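In case you want the letters, here they are:
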Amino acid sequence: MKLTSLLAGCVVLGLQAFCMGAQAQGVLAPTPPMGWNSWNHFAEKVTDKDVRAAADAMVASGMRDAGYVYVNIDDGWQGKRDAAGNIQANERFPDMKALADYVHGKGLKLGIYTSPGAHTCAGFEGSLGHEKQDAAMYAKWGVDYLKYDLCSYTENLKQRAGNDHAKSQAVMEEVYRTMHDALASTGRPIVLSLCQYGWEAVWRWGAETGGSLWRTTGDIEDNYASMERIGFSQAGLAKFAGPGRWNDPDMLEVGNGGMNSEEYRSHMTLWAMLAAPLLAGNDLSKMTDDTKSILMNREVIAVDQDAAGHQGDRVYTEGPLEVWSKPLADGSVAVAIFSRWRMPLDFDVPMTKLGFGENEAVKARDLWAHQDLPEIRGAFHTKLKPHSVVLLRLSR
Ligand code: GLA
């Protein structure tokens, strides 16, 4: 056998490729990051106490054991810089290092937030001109994840690039690479999450800056119209995602109260099909059993976290019906059938649309009902409640 190439962690020997897992290659986010983020519920009023309560609840509820590990503080923690230019937390966060130790002591990781601009979106101190200094401070505190939100740098971008799209992309690449390099130079592994709302098709170049994930859209709101607009707009982006490089359609709203259970199940399912980061955005210390059952459905989480790292895509649509599929590492396929309609609907999905033969016997498991179904042949018949979803795992 001849060693023919050594590419992207794979050694090709004769006709066979031997690949190291993404983890073995030192990829920071081999599967989509899972955790919690303070913004959707606490916004800029978040406190040290809220973050500790979230960490406590992640352990007590079983979320940590289901895979949620990042406790991410979004905008609102920043205070002023000291005379030497070092960033300080504000009075709501008396001791960041102690907070990081607390979070780490629970087997969790800490995330933080800043902007390449002079100010963050909520008007707090940004990192412009202090990138290295801030990265060093985060590393000193014990931060494991940084969300880097363009915010006021939009003005700088306009000045530097005007309406020139290529230039605008180049400037954003430079900005994100600068922070990536600053984080890398600390020697602490810190996941870099790009947030610039999907501008200039970031999915095409986000990974080149050293980011592990990038927001592909504007901000989600806690209602079905926002969730479906964002979620279903992700069709076609699958080819840009994979281990270490994830499209991020924004954080979860599950449990925040603006959608019903069917709608939140659709939200969770769609994000799992998209191999999206699963960052809960609710108050974890006050979760109903229904919210817990949605966030902690391990069979759905397994679809999101599947080791092959394929993002799912739309395979079929008929009016308000959407059929999406996601190939999984064991050769099975996750299939989600969504109804965007506000009335009940009966629907037959021809198995040929899902890549199976017309008369092929297909094994099926319903991942929300936690039940194996009778073998499917020809078509899958389902009754869909308004704004609901059926999620199946299908195999030959
Ligand atoms: C932007 C981001 C949000 C959140 C806020 C904080 O709007 O897109 O996710 O971080 O800023 O101010």
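Every value quoted in this text rests on a predicted model; they were computed, and no experiment measured them.

Taken in spatial order, the 8 strands of this open sheet run 12-11-10-9-8-5-4-13, and their pairing is parallel. If you trace the sheet from one side to the other, it starts and ends with strand 12 (246-248) and strand 13 (278-280), each paired once. When the angles between neighbouring strand axes are averaged without regard to direction, this sheet yields 25°. Note that strand 8 (residues 109-114) and strand 9 (residues 145-149) share 4 bridges and pair parallel. The partner of Thr 114 across the bridge, within strand 9, is Tyr 148.

Scanning the model with the defined rule gives 1 disulfide in all. Across the disulfide from Cys 121 sits Cys 151; the S-S distance is 1.9 Å. The chirality of the disulfide connecting Cys 121 with Cys 151 is left-handed, given an S-S dihedral of about -100°. In this pair, Cys 121 is assigned in the loop between strand 8 and helix 5 (131-141) and Cys 151 in the loop between strand 9 and helix 6 (153-161), connecting sequence segments 30 residues apart. Residue classification places Cys 151 among the buried residues on the basis of a relative accessible area of 8%.

This brings us to the environment of Val 315. Checked against the element boundaries, Val 315 lands in strand 14 (residues 313-318). The exposure class of Val 315 is partly exposed, given its relative accessible area of 37%. Here the alpha-carbon distance between Val 315 and Ala 235, two residues 80 residues apart in the chain, equals 9.2 Å. The contact partners of Val 315, leaving out residues within four places of it in the chain, are Val 323, Trp 324, Ser 325, Lys 353 and Leu 354.

Criteria and cut-off values
- Residues numbered from 1 in each chain as written.
- Predicted model: local features only at pLDDT ≥ 70, side-chain atom pairs only at ≥ 80, totals over all residues.
- Heavy atoms only, no water.
- Pairing = 2+ DSSP bridges.
- Helix = DSSP H or I, 4+ residues; strand = E, 2+ residues; numbered from the N terminus.
- Axes fitted to C-alpha atoms, helices over the stretch in contact; angles between N-to-C directions.
- Disulfide = S-S within 2.5 Å.
- Buried < 20%, exposed > 50% of the residue type's maximum accessible area, 1.4 Å probe, protein only.
- Contact = heavy atoms within 4.5 Å.

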